[in-house]
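Structure at a glance
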Amino acid sequence: MGGSFDPAHDGHLYVSEIAHKLLKLDYVWWLVSPGNPLKPEPAALGARLARAAAAARRYPFIRVTGIEQRLGTRYTIDTVKALKRRFPHARFVWLMGSDNLEQFARWRRWQEIARLIPIAVVRRPGSVLAPLHAPLARRLGVTRRLKPAPSLVVLDGRRNWESSTTLRQQALGAAAEAMINLTP
């Protein structure tokens, strides 16, 4: 599961838990990206890695890594190719929440990503219908169980509303409020 993790939160844990349980995964790797071309500049990578590791500390199946920085990759397609070369015997699954599925067609070479790695999407509040209209779902269809690429499986479980965007907005609001309170 790749992302900015700016900050890591219960929604990331929710997606990881559902996928781990339903797909019987050995591990869920949190690929904390150096930066996301589709989002504003995140906090420093070291701080995000530390917060993600703290958030996942009670989940032994989650591995928090900054491997994209070491690989020198910026785009998911390049990361997937590099991981498949580096770990040729591993069977990878790209994992994301349905909120990301809605904009997956904006990712660089998204069709090629889908050809290289099976994709598992966990339904998230506010985007539970994404699998019905997302370009990837229209192109591949949705399967009931994980299959080799190209395939898209949609998983469901209890909903978790937390998002990094909301948490950043709340933090900015709190900082603005604090500044107003400091003004004489």
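Residues numbered from 1 in each chain as written. Predicted model: local features only at pLDDT ≥ 70, side-chain atom pairs only at ≥ 80, totals over all residues. Heavy atoms only, no water.

**Some details on unusual backbone geometry**
Pro7 follows Asp6 through a cis peptide bond whose omega is 0 degrees. Following the sequence through the fold, Pro7 ends up in the loop between β1 (2–3) and α1 (10–23). Of note, the amide linkage connecting Ala149 to Pro150 takes the cis form, showing an omega dihedral of 0 degrees. Take Pro150: it is sitting in the loop between α8 (135–140) and β6 (152–155). One non-glycine residue, Phe5, lies in positive phi territory at about 50 degrees. In this fold, Phe5 is placed in the loop between β1 and α1. Judged by relative accessible area, which is 2%, Phe5 ranks as buried. A positive phi angle, close to 55 degrees, is found at Lys24, a residue other than glycine. Structurally, the position occupied by Lys24 is in the loop between α1 and β2 (28–32). (Helix = DSSP H or I, 4+ residues; strand = E, 2+ residues; numbered from the N terminus. Buried < 20%, exposed > 50% of the residue type's maximum accessible area, 1.4 Å probe, protein only.)

**Points about the sheet that holds strand β4 (residues 94–97)**
Spatially, β4-β5-β6 is the arrangement adopted by the three strands of the open sheet, whose pairing is parallel. Pairing within the sheet leaves two strands with one partner each, and these edge strands are β4 and β6. When strand polarity is set aside, the average angle formed by the axes of neighbouring strands in this sheet is 20 degrees. Sheet analysis places strand β5 (residues 119–122) next to β6, joined by four bridges and oriented parallel. Among the inter-strand pairings, Val121 is bridged to a residue of β6, identified as Val154. (Pairing = 2+ DSSP bridges. Axes fitted to C-alpha atoms, helices over the stretch in contact; angles between N-to-C directions.)

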